[in-house]
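A look at the structure
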Amino acid sequence: MKAKRSSLFTLAAILFALTAHAQTGTGRISGVVRDSSGSSIPGATVTALHEQTGIRHSTTTTASGAFVFPSLPIGPYSVICELQGFKRVTRTGNMLDVAADLNLTITMEPGGVEESVTVTAETKLVQNTESSLCMLVNEQT
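To start, this report covers the structure provided alongside it. As the structure is a prediction and not an experimental result, all values here were calculated from the model.

Secondary structure assignment for the protein chain yields 1 helix and 8 strands. Evaluated residue by residue, the protein chain yields a buried proportion of 28% over its 141 residues. The long-range share in the protein chain, meaning contacts at least 24 apart out of those at least 6 apart in sequence, stands at 62%. Total accessible area on the protein chain is roughly 9,400 Å²; 57% of this is exposed by carbon and sulfur atoms.

The phi dihedral of Ala 99 is positive, around 60 degrees, even though this residue is not glycine. Along the chain, Ala 99 turns up in the loop between β6 (88–96) and β7 (101–108). Look at Ala 99 and you get partly exposed, because its relative accessible area is 42%.

Checked against the element boundaries, Thr 47 lands in strand β2 (residues 45–50). Side-chain polar atoms of Thr 47 contact the side chain of Ser 58, separated by 3.0 Å.

This part is about the pattern of salt bridges. For side chains of opposite charge, pairing can occur when their charged atoms come near one another. Under the definition given, this model contains 3 salt bridges. A salt bridge links Asp 101 to Arg 28, with the shortest nitrogen-to-oxygen separation between them at 3.5 Å. Residue Asp 101 is located in strand β7, and its partner Arg 28 is located in strand β1 (residues 26–35); the two are separated by 73 residues in the primary sequence. Its relative accessible area of 35% is what places Arg 28 among the partly exposed residues.

With mixed pairing, 3 strands are arranged side by side in an open sheet as β4-β1-β7. Among the strands making up the open sheet, the edge pair consists of β4 (66–73) and β7. Direction aside, the axes of adjacent strands within the sheet are offset by 20 degrees on average.

All right, on to the environment of Ser 40 then. The topology assignment puts Ser 40 in the loop between β1 and β2. Residue Ser 40 is classed as partly exposed on the basis of its relative accessible area, which comes to 29%. Considered as a pair, Ser 40 and Met 108 are 68 residues apart in the sequence and their alpha carbons are 9.8 Å apart. Aside from chain neighbours lying at most four places away, what touches Ser 40 is Val 33, Arg 34, Ala 63, Ser 64 and Gly 65.

Conventions used here
Residues numbered from 1 in each chain as written. Predicted model: local features only at pLDDT ≥ 70, side-chain atom pairs only at ≥ 80, totals over all residues. Heavy atoms only, no water. Helix = DSSP H or I, 4+ residues; strand = E, 2+ residues; numbered from the N terminus. Buried < 20%, exposed > 50% of the residue type's maximum accessible area, 1.4 Å probe, protein only. Contact = heavy atoms within 4.5 Å. Areas by Shrake-Rupley, 256 points an atom, 1.4 Å probe, with all protein chains shown as cover. Polar contact = N/O pair within 3.5 Å; in protein donor to acceptor, adjacent residues only side chain to side chain. Salt bridge = Lys/Arg side-chain N within 4 Å of Asp/Glu carboxyl O. Pairing = 2+ DSSP bridges. Axes fitted to C-alpha atoms, helices over the stretch in contact; angles between N-to-C directions.

If you want it as structure tokens, here you go:
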């Protein structure tokens, strides 16, 4: 009886450890940068700024205009896109949740360096790249 109880406890501990390890506190921001005609923009600098901590992550768009930040801490982000000859674009209030994949399309307009476009209100971003269910669990649960 004691061995059976010990085995159940060991099994429960292993299952808890596996599920705890699988739940990382990160998400992903990816997308594409295009000009006003819909053509992709390679070589643009894209920065993900964590609005609460001020930590910045930067990358450069590929030949097809794509960018990805594969593993970012959760929280609110501003995404800033810059390239010489285009207006700077800032998208604020992008909430990144656990295991979320925010897929953004950023449209840049021709303009000087001193000009910028800030997008503060948009429709709710929908994660459409994965068909899994996730939920946030607070410390009381």
